[in-house]
Amino acid sequence: MIIHPVLRDYRSIFLLVALLAMLGLFIKPVSQQYARQYNFTFVVDITRSMNATDYKMADQAVSRLEFVKHQLRALLPHLPCSTKIGLGVFTERRSSLLFEPVEICNSYTELDTAISKLDWRMAWAADSNIAKGLFNTLAMLQKSHSTVVFITDGQEAPPVNPSYLPDFAAMKGKVKGLIVGTGGLQAVPIPKFDAQGNASGFYQADDVPHRSSFGQSNLDPSQIEGYDARNAPFGSKAVVGTEHLSALQESYLTQLAHQAGLNYTRLTDLEPLQQALQIPEFSTQQLAPVDVRGYFAAVALLMFCCIYLPPLSSVWHWFRLKKTKDNVYVD
Amino acid sequence: MNLAVDSPWLLWGLLLNGLPLLNQGMRLHDQPWLTLLPVDRLSQALSLLLKLVAMLVITSLILGLAGLHRREQSRERIGKGAHIVLLLDRSNSMDDSFAGRTPEGREESKSSAARRLLTEFVQHRQADRIGVAAYSTAPLFVMPLTENKTAVEAAIAATATPALAYTHVAKGLGMALSFFQDQPLTGSRSIVLVSDGAAAIDKDDELKLRAWFQQHQVRLYWLFLRTANSPGIYDVAQDARDDNAQAMPERYLHQFFSSLKTPYQAYEAESPDALKKAIADINELENQPLHYVERLPRQDLSGVCYVLATVYLGLLLAVKFLEVKKC
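Not measured: the values here are computed from a predicted model. (Residues numbered from 1 in each chain as written. Chains lettered and ligands numbered in written order. Predicted model: local features only at pLDDT ≥ 70, side-chain atom pairs only at ≥ 80, totals over all residues. Heavy atoms only, no water.)

Draft legend 1. Local environment of the overall build of chain B. When you go through chain B residue by residue, the secondary structure sums to 9 helices and 10 strands. In summary, chain B has a C-alpha radius of gyration of 33 Å against a globular reference of 20 Å for 327 residues, an excess of more than 25%. Projected onto its principal axes, the C-alpha positions of chain B cover 120 × 45 × 35 Å. Looking at the 327 residues of chain B, the share that counts as buried comes to 47%. In chain B, the proportion of contacts linking residues at least 24 apart, taken out of those at least 6 apart, comes to 82%. On chain B, the mean spot of the 34 positive side-chain charges and the mean spot of the 35 negative ones are 11 Å from each other. (Helix = DSSP H or I, 4+ residues; strand = E, 2+ residues; numbered from the N terminus. Rg over C-alpha atoms; globule rule 2.2 N^0.38 Å. Buried < 20%, exposed > 50% of the residue type's maximum accessible area, 1.4 Å probe, protein only. Contact = heavy atoms within 4.5 Å. Lys, Arg positive; Asp, Glu negative; His and termini not counted. Charge placed at Lys NZ, Arg CZ, Asp CG, Glu CD.)

Right, dumping it as structure tokens:
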């Protein structure tokens, strides 16, 4: 067999391999691989207690809602490009979905603007029943294959009657999700706004109910002062409490998370939030085209660089030369 | 140009460009005495050229590997279209059918008919920037004015979730009008109000809305999804005592809209078909020259790098065949 003289030079072979690698690159630039994909629906509590200012950003006290918005916006560039994000708001006993999940990279500006426009004034009613709201959210999103990220401070207003909590047993395991607790553990006053949206002090103890007066009392009637089965099932004594102050109800939220089969994390900084979100449990393996051009290009580059390394033959030659010289010397 | 790379650390690989400078990369032939050879400018130039090509190969491969791309850019264009804000009623009654019942069988609820037809509408309006706002008791900011149709469709699709409370149309309109703040005044601007009911607007709000509509030059389309046997926008009071905004909010809202200084058009739709016609009509009307900013998505340039690398590689291989062989 006659080998073309050009091919007798190893450099030509390397060059040819490099060129073939590049051809491979153009023939198969992407390969279908299983990749982790995330799909989150952020449901943000926009009730009044979220206006309490117990977070700090750049030495400025900011409200819980502001902090949540800031963190979510900061989070966007840190999530993988293919992640889908939807947004909803919670108030009263339910949540409303603003938009279904969209891909971060394609809709970055829209997501960023929509999050920045979240406002407590969007609330269509002023109550805050977290347990029912969570239940409603899970029920609403159970068919959507989206991971629910429920962001709240856990402040119930008015306080709930523990006998009327929704039963999460039906929901457990149907929806994956995470409850993100916001706020500090120290109770702080909740700002009050007038009809024009101007701040007008804080909620006082007289402004809010301090115990549930809904339905049947869960206490022993004989223990209740001024009990009357029909007119005063909770007694006649005025209860003074600290419901006008708000703190992160962490134990309550962890309990809810446990009941509903969700995870719990506390919102402190970007990194812990990111870690809590990017767990295998929340991801789905989906076939997605993955750019594999890099492998071909790397082979081509390696081959090509080898051409310009000092050739083995010259090293060998040099070595042999040295040896013969040595021999000559010995002789 | 706005060029950027994904993995800047790979740019260290550009140091490999030193290799062709240090080594010839071709077969060397022993010569008894180099000084014997005359200086050949052409050979020197060729050798330099070959090194240059080799460096180009390495550079383009490294840039391709590092993921060279042009960042997302925007470009001003002129087309036919409009800035449209879809203002969607999320009150409870929207989940009923046009006959005013909970949909059963093949009946379609008002909101789902609106959702289906609006999605079609959005798909047809390629050059438009469309925003979405919703309202019930309070206004909800949903999606800013955007060219991104996928995002708008995601927002329209979200109205499939159960509706909220009552109707506070004035706040909703205020929210929709706020979309046009800080937006360049170009092409036509319009609000498409999709609702199945109306509410009285108080005098303060009327004044504000009137001023804003004029200030932002916004047209208004009202798609009134009328439930069978409910008051329509053209109804006249039978009894003078009923002739007020509380008793006949639809009629009064219509009168208020008609008194705006900016163009206004009402469509009363009592069936999905009528709704379809109304939307087609808006589609026709909203075709004015529009200055819009087209967003050019991030452009991957690594492909270009790889093509260049391949061309240069081919060139070098071709040159290889011209190499002088010593027998």
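Draft legend 2. Spotlight on the interface of chain A and chain B. In this complex, chain A contributes 46 residues to the contact, which on the side of chain B involves 53 residues. When the buried area of chain A at its contact with chain B is split by residue, Glu110(A), Trp124(A) and Tyr308(A) rank highest and sum to 16% of it. Seen at the junction of chain A and chain B, the total is 1 salt bridge. Measuring nitrogen to oxygen at the nearest pair gives 2.8 Å for the salt bridge that ties Arg293(A) to Asp300(B). Linking chain A with chain B are 6 residue pairs in polar contact (both at pLDDT 80 or more), by the criterion used here. Elements with a minimum of two residues in the side of chain A that touches chain B: α1 (10-27), β5 (94-103), α3 (108-116) and α7 (293-307) of chain A. Residue classes in the side of chain A that touches chain B are distributed as 30 nonpolar, 8 polar and 8 charged. (Buried area = accessible area lost by both parts, 1.4 Å probe. Salt bridge = Lys/Arg side-chain N within 4 Å of Asp/Glu carboxyl O. Polar contact = N/O pair within 3.5 Å; in protein donor to acceptor, adjacent residues only side chain to side chain. Nonpolar A, V, L, I, M, F, W, Y, C, P; charged D, E, K, R; others polar.)

Draft legend 3. Geometry of the domain arrangement of chain A. Its domain assignment divides chain A into domain 1 (5-29 + 292-330) and domain 2 (32-208 + 243-288). Each of domain 1 of chain A and domain 2 of chain A has a C-alpha centre, and these two points are 59 Å apart. (Domains from an automatic or database assignment.)

Draft legend 4. Structural detail: the nonpolar core. One finds Phe42(A), Phe99(A), Leu86(B), Ile191(B) and Phe257(B) to be the most contacted residues of the largest nonpolar core, which totals 106 residues. Top contributing element to this core by residue count: strand β7 (residues 218-225) of chain B, with 7 residues. Residues within four places of Ile191(B) in sequence aside, it is in contact with Val85(B), Leu87(B), Ala176(B), Leu177(B), Phe180(B), Phe213(B), Val218(B), Arg219(B), Leu220(B) and Tyr221(B). Listed in part, the 26 residues of the second largest apolar core include Ala21(A), Leu25(A), Ile307(A) and Leu317(B). (Core = buried A, V, L, I, M, F, W, Y, C linked by side-chain atoms within 4.5 Å.)

Draft legend 5. Expanded view of the packing of aromatic side chains. The final tally for this structure, using the stated rule, is 14 aromatic pairs over all chains. Here the aromatic rings of Tyr38(A) and Phe40(A) are separated by 5.7 Å at their centres, their planes lie at 15 degrees, and the arrangement is stacked. Ring centres of Phe256(B) and Phe257(B) lie 5.8 Å apart, and the angle between their planes is 45 degrees; this geometry places the pair in the tilted category. Assessed through its relative accessible area of 5%, Phe256(B) is described here as buried. Classification of Phe257(B) as buried rests on a relative accessible area of 0%. Above the face of the Tyr203(A) ring, Lys192(A) is positioned so that its terminal group lies 5.6 Å from the ring centre. (Phe/Tyr/Trp six-rings, centres within 6.5 Å; stacked < 30°, edge-to-face > 60°. Lys NZ or Arg CZ within 6 Å of the ring centre and 35° of its normal.)

Draft legend 6. Expanded view of empty space enclosed by the protein. According to the stated counting rule, one finds 3 cavities of 30 Å³ or more in the structure shown. As for the largest cavity, its lining consists of 14 residues, of which Leu88(B), Asp89(B), Met94(B), Ser111(B) and Thr159(B) are closest to the centre. Residue assignment for the lining of the largest cavity shows that the elements contributing at least two residues are β3 (73-89) and α3 (110-124) of chain B. The dominant element in the lining of the largest cavity, judged by the number of residues it contributes, is α3(B), at 4 residues. Here the lining of the largest cavity is composed, by residue class, of 7 nonpolar, 3 polar and 4 charged. In this model, the second largest cavity occupies a volume close to 50 Å³. Ser96(A), Leu97(A), Leu98(A), Leu88(B), Arg90(B), Val132(B), Ala134(B), Leu140(B), Val142(B), Ala155(B), Ala158(B) and Thr159(B) are the residues that line the second largest cavity. Mapped by element, the contributors of at least two residues to the lining of the second largest cavity are β5 of chain A together with β4 (129-135) and β5 (139-146) of chain B. In terms of residue count, β5(A) provides more of the lining of the second largest cavity than any other element does, 3 residues in total. (1 Å grid on protein atoms, 1.4 Å probe; cavity = no way out; pocket = protein on both sides within 12 Å on 5 of 7 lines; lining within 4 Å. Points joined across faces, edges and corners; volume = space filled by probe spheres on them.)

Draft legend 7. Examining the pattern of salt bridges more closely. A complete count under the given rule lists 14 salt bridges over all chains for this structure. The salt bridge involving Glu66(A) is made with Lys69(A); its shortest N-O contact spans 3.5 Å. Taken together, the residues Glu66(A) and Lys69(A), both in helix α2 (residues 64-75) and 3 residues apart, mark about one turn of the helix. Judged by its relative accessible area of 38%, Glu66(A) falls in the partly exposed class. Across the salt bridge formed by Arg125(B) and Asp128(B), the nearest N and O atoms sit 2.4 Å from each other. Classification of Arg125(B) as buried rests on a relative accessible area of 4%.

Draft legend 8. Looking closely at the pairing of strand β4 (residues 84-91) of chain A. Residue and element names in this part refer to chain A. Buried residues dominate β4, accounting for 7 of its 8 residues. In this structure, strand β1 (residues 30-45) lies alongside β4, joined through 7 bridges in parallel fashion. By the bridge assignment for β4, Asp45 is matched with Phe90. Alignment of β4 against β5, held across 7 bridges, turns out to be antiparallel. (Pairing = 2+ DSSP bridges.)

Draft legend 9. Spatial organisation of the environment of Trp12(B). Here Trp12(B) is to be found in the loop between β1 (3-4) and α1 (18-22). Note: C-alpha distance between Trp12(B) and Thr146(B) (134 residues apart in sequence) is 39 Å.

Draft legend 10. Structural view of the environment of Thr47(A). Residue and element names in this part refer to chain A. Mapped onto the elements, Thr47 comes out in the loop between β1 and β2 (55-57). With 15 residues separating them along the chain, Thr47 and Gln32 place their C-alpha atoms 45 Å apart. Excluding residues within four positions of it along the chain, Thr47 makes contact with Phe90, Thr91, Glu92, Asp127 and Ser128.

Draft legend 11. Representation of a nonpolar patch on the surface within the structure. A contiguous nonpolar surface patch, about 660 Å² in accessible area, is contributed by Leu7(A), Ile13(A), Leu16(A), Val17(A), Leu20(A), Leu23(A), Ile27(A) and Val299(A). Position of Val299(A) relative to the elements: it lies in helix α7. (Patch = residues over 30% accessible without salt bridge, like charges linked within 9 Å, V, L, I, M, F, W, Y side chains within 5 Å. Areas by Shrake-Rupley, 256 points an atom, 1.4 Å probe, with all protein chains shown as cover.)

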